[in-house]
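Chain residues, written in single-letter form:
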Amino acid sequence: MGGRTSGFKLRRIALTLLPMVLCVLVLASRVARNGTYFGLDFNLFQPDGRFYLWEAYRFIGKSDSQAWGQVTSFYQHLHLVSTHYTSSISPLNDLGLRRDINSRPLYPLLSVPFVALLGGAGMLVIPILCLTASCYLVVFSFRDDQRKFMAFAGFAVLSTSPFFLRGFFSNYTDPLLALLLLIVFILLRQEYQNVWVLFFLSLLGEATRPSEPLWIVIFLFFFISTKKGRFLFLTLFHIIFLGCIAILTPDSVGSSTRGGYGPLVRVFDFVPHVLKIMIFDISEIAILDKILFSF
């Protein structure tokens, strides 16, 4: 009896510690491989991350120009060679870009205390926490230990993917949105009943980055499979929300008419764009990242 109890305790300890150990190893590997690989940008600090850092400095209390000056200084000291980092486009001279950034306040807002302490490097804290939380959620979303260990093994294999790591550990909104989607999906799998919690989490997702199609697909799928009205309510809300955003901040959803590149032109561009993704991007992953392609 005592042997079974000690074996159970060992499994509990292992399941508690292994995700943390994995995340530490994964993050160390990502830092060590920070740079350019396969001719692609695998830097920890990505070009568009400048705009989230700018917003975080504004939340701290800096003026627009002061905030952009600190962002520019931080990126100049990174010694990055890509011309994307020295682009003249900024939220100071591009109103559409500014509106787009303002529609994504959650990531920079959560990063404020870390930016105040660490400067620009503080923008990596939220992605690190999101990666760690996602690993624990994936493992502990299962009840029996065998499935937990299998989930851990699957997450460990996926974590060897360079493209997965680039998405999950850089100064982008992707890790935070992925965590919110994972939380919602786990709650839905467990037949969670409180529609307002799901509603609030999806709103947080919208405040992370425009993600209406994802929420529409998820809630529509669960409405079709369960026929429960709360999922229809959530689906219709995000359809209406998408329409409002397309009118109020068209840059954030790609419906801007600037430069004559309006919605109709975008519709005609949609098919070749999808073909490009299917042919070029998926082929790129198949060649360079067989782990992610397999998943």
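Residues numbered from 1 in each chain as written. Predicted model: local features only at pLDDT ≥ 70, side-chain atom pairs only at ≥ 80, totals over all residues. Heavy atoms only, no water.

1. With respect to the environment of Glu 284
- Inspection of the secondary structure puts Glu 284 in helix α14 (residues 263–288).
- With a relative accessible area of 30%, Glu 284 lands in the partly exposed category.
- Apart from the residues within four sequence positions on either side, Glu 284 is in contact with Leu 40, Phe 163 and Asp 289. (Helix = DSSP H or I, 4+ residues; strand = E, 2+ residues; numbered from the N terminus. Buried < 20%, exposed > 50% of the residue type's maximum accessible area, 1.4 Å probe, protein only. Contact = heavy atoms within 4.5 Å.)

2. Focus: a nonpolar patch on the surface
- A surface patch of nonpolar side chains, amounting to about 620 Å² of accessible area, comprises Leu 275, Met 278, Ile 279, Phe 280, Ile 282 and Phe 293.
- With five residues, α14 is the single largest residue contributor to the nonpolar patch.
- Among the secondary structure elements, Leu 275 is positioned in helix α14.
- Judged by relative accessible area, Leu 275 falls into the partly exposed class, the value being 44%. (Patch = residues over 30% accessible without salt bridge, like charges linked within 9 Å, V, L, I, M, F, W, Y side chains within 5 Å. Areas by Shrake-Rupley, 256 points an atom, 1.4 Å probe, with all protein chains shown as cover. Salt bridge = Lys/Arg side-chain N within 4 Å of Asp/Glu carboxyl O.)

3. A short note on the packing of aromatic side chains
- This structure, assessed with the given rule, holds 17 aromatic pairs.
- With a centroid separation of 6.0 Å and 85° between ring planes, the pair formed by Phe 155 and Phe 164 is classed as edge-to-face. An identical accessibility class is assigned to Phe 155 and Phe 164; each is buried.
- Each residue in the set Trp 196, Phe 199, Phe 233, Phe 237 and Phe 241 is aromatic and connected to the rest through ring pairs, giving one cluster.
- The ring of Phe 42 has Arg 166 sitting right over it, with the charged end atom 4.8 Å from the ring centre. (Phe/Tyr/Trp six-rings, centres within 6.5 Å; stacked < 30°, edge-to-face > 60°. Lys NZ or Arg CZ within 6 Å of the ring centre and 35° of its normal.)

4. Notes on the side chain of Arg 230
- Here Arg 230 lies in helix α12 (residues 229–248).
- Here Arg 230 occupies a buried position and makes no salt bridge, while the nearest side chain of opposite charge, Glu 191, is found at 7.2 Å.
- Side-chain polar atoms of Arg 230 contact the side chain of Gln 193, separated by 3.1 Å.
- For Arg 230, the residues in contact, after removing those within four places along its chain, are Tyr 192, Gln 193 and Val 195. (Lys, Arg positive; Asp, Glu negative; His and termini not counted. Polar contact = N/O pair within 3.5 Å; in protein donor to acceptor, adjacent residues only side chain to side chain.)

5. A word on the packing of helix α6 (residues 125–140) against helix α9 (residues 174–189)
- Contact geometry for α6 and α9: axes closest at 9 Å, N-to-C directions at 25°. Looking at the two axes, α6 sits roughly parallel to α9. With respect to the hand of their crossing, α6 and α9 are arranged in left-handed fashion. In this structure, α6 uses Pro 127, Cys 130, Ala 133, Ser 134, Leu 137 and Val 138 to contact α9, whose residues at the interface are Pro 175, Leu 176, Leu 179, Leu 182, Ile 183 and Ile 186. (Axes fitted to C-alpha atoms, helices over the stretch in contact; angles between N-to-C directions. Parallel < 35°, antiparallel > 145°, perpendicular 65-115°, else oblique. Left-handed = near helix turned anticlockwise from the far one by under 90°.)

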